[in-house]
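Examining the three-dimensional arrangement
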Amino acid sequence: MGTLEKIAGAYSADLEKLNAHIESRLQSGNALMSRIVLSLLRTKGKQLRPLLLIMCARMFGPVDEKVIAAAAAVELIHNASLIHDDVVDNSPTRRGNPTVNAVWDNHIAVLVGDFFTSTAMQEAISTADIRIIDALCRLGRQLSLGEIDQIYNARQHTLDEEGYYRIVDYKTASLFEASARMGCYAADAPDEACAVLTRYASLFGRCFQIRDDIFDYFPSELVGKPTGNDLREGKVSLPLLHALSRQCEGCGEVVALLERGELTDEEISRIQAFARDNGGIDYAFDVMRRLRREACDGIASLPDATIRRQLTELFDFIIERQF
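Residues numbered from 1 in each chain as written. Predicted model: local features only at pLDDT ≥ 70, side-chain atom pairs only at ≥ 80, totals over all residues. Heavy atoms only, no water.

Below, the discussion takes up the layout of surface pockets. Roughly 600 Å³ of internal volume is contained in the second largest pocket. If you go around the second largest pocket, you meet 30 residues; those closest to its centre are Ile-36, Ser-39, Leu-40, Leu-41 and Thr-43. For the lining of the second largest pocket, the secondary-structure elements that each account for two or more residues are α2 (12–25), α3 (31–42), α5 (65–89), β2 (97–98) and α6 (100–103). The element contributing the most residues to the lining of the second largest pocket is α3, with 7 residues. Its residues placed into classes, the lining of the second largest pocket shows 14 nonpolar, 8 polar and 8 charged. (1 Å grid on protein atoms, 1.4 Å probe; cavity = no way out; pocket = protein on both sides within 12 Å on 5 of 7 lines; lining within 4 Å. Points joined across faces, edges and corners; volume = space filled by probe spheres on them. Helix = DSSP H or I, 4+ residues; strand = E, 2+ residues; numbered from the N terminus. Nonpolar A, V, L, I, M, F, W, Y, C, P; charged D, E, K, R; others polar.)

What follows is the structure, encoded as structure tokens:
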């Protein structure tokens, strides 16, 4: 049994309750919506965000209906963002399955994403906790701004780490941060503990995205899924940003290719190799290890030793996960 499966197994009853709750809340009486929802529920991902929310809440109390509703709100808005992202990116697959837009078209996909977003808002409102509602609303804004920033940076060929981290914080870390915050609110955790767990979640989210970005700099046959897609869209992430910052041989050619766009497979391979050969991957791993140290040192004062250990193991899992 892997690390994630072991940790999730400790919360299996809570996650089963969550999934049953989500399924019941997504019932609509509309045959087409029900068909699409059922297909999406069959292909759910790792559920790291609601898992983190439940772990944060469990540290300070039981996982009650308020916690489950908050976890459902986060999972639903996360899935809504994925559906909308697939429309923006014109993605044909996700998690190895056809996307909603690929099967039905963009019009239907946008409406399904809106349905998930509205249901998420209902879940947040059902907690009757204005802090949870506010956290979810702020999250929605951050996700939208992150997507806009990413599109703008790709079109303007912005190549700096500050811009990269801003997008990561909005598009990825914000979901983990909101999960920790909402879990703490649902359990009425002390403000100091909430701040610590929120910071952990923010660093965790950055690390999660960096590790995901590293995969894009290796051949598809090694990773087991298509890679180089971000580069094709002009999206430059941390490994290549660092390699370019060294101003080494071949840097000018890579920048010229990125600015030209419409890259061939051979050109994608050359850019991937450039990032690997010029320290981009090593640098990204160094950054992840630094994030891990700060995050795990920060939670050392929290009360539940078992959950502290699980949070540390979860961070290690993100860094160590392989292709």
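This brings us to helix α17 (residues 305–320). An α-helical turn contains 3.6 residues, so any two residues separated by three or four positions project in the same direction. Between its first and last C-alpha, α17 extends 22 Å over 16 residues, near the 22 Å set by a 1.5 Å rise per residue. Residues of α17 that are buried include every one of Ile-307, Gln-310, Leu-311, Thr-312, Leu-314, Phe-315, Phe-317, Ile-318 and Ile-319, and no others. Elements in contact with the buried residues of α17: α1 (3–9), α4 (48–58), α10 (191–215) and α16 (280–298). For α17, the capping residue at the N-terminal end is Asp-304, with a side-chain oxygen 3.0 Å from the backbone nitrogen of Thr-306. (Expected span 1.5 Å × (residues − 1). Buried < 20%, exposed > 50% of the residue type's maximum accessible area, 1.4 Å probe, protein only. Contact = heavy atoms within 4.5 Å. Polar contact = N/O pair within 3.5 Å; in protein donor to acceptor, adjacent residues only side chain to side chain.)

Here α5 crosses helix α9 (residues 161–186) at 165°, and the two axes come no closer than 9 Å. Between α5 and α9, the interaxial angle falls into the category roughly antiparallel. As for how α5 packs across α9, the hand of that crossing is right-handed. Between α5, through Lys-66, Val-67, Ala-70, Ala-73, Val-74, Ile-77, His-78 and Asp-85, and α9, the contact on the second element is made entirely by Lys-171, Leu-175, Ser-179, Met-182, Tyr-185 and Ala-186. Here the residues of the contact of α5 with α9 sort into 9 nonpolar, 2 polar and 3 charged. (Axes fitted to C-alpha atoms, helices over the stretch in contact; angles between N-to-C directions. Parallel < 35°, antiparallel > 145°, perpendicular 65-115°, else oblique. Left-handed = near helix turned anticlockwise from the far one by under 90°.)

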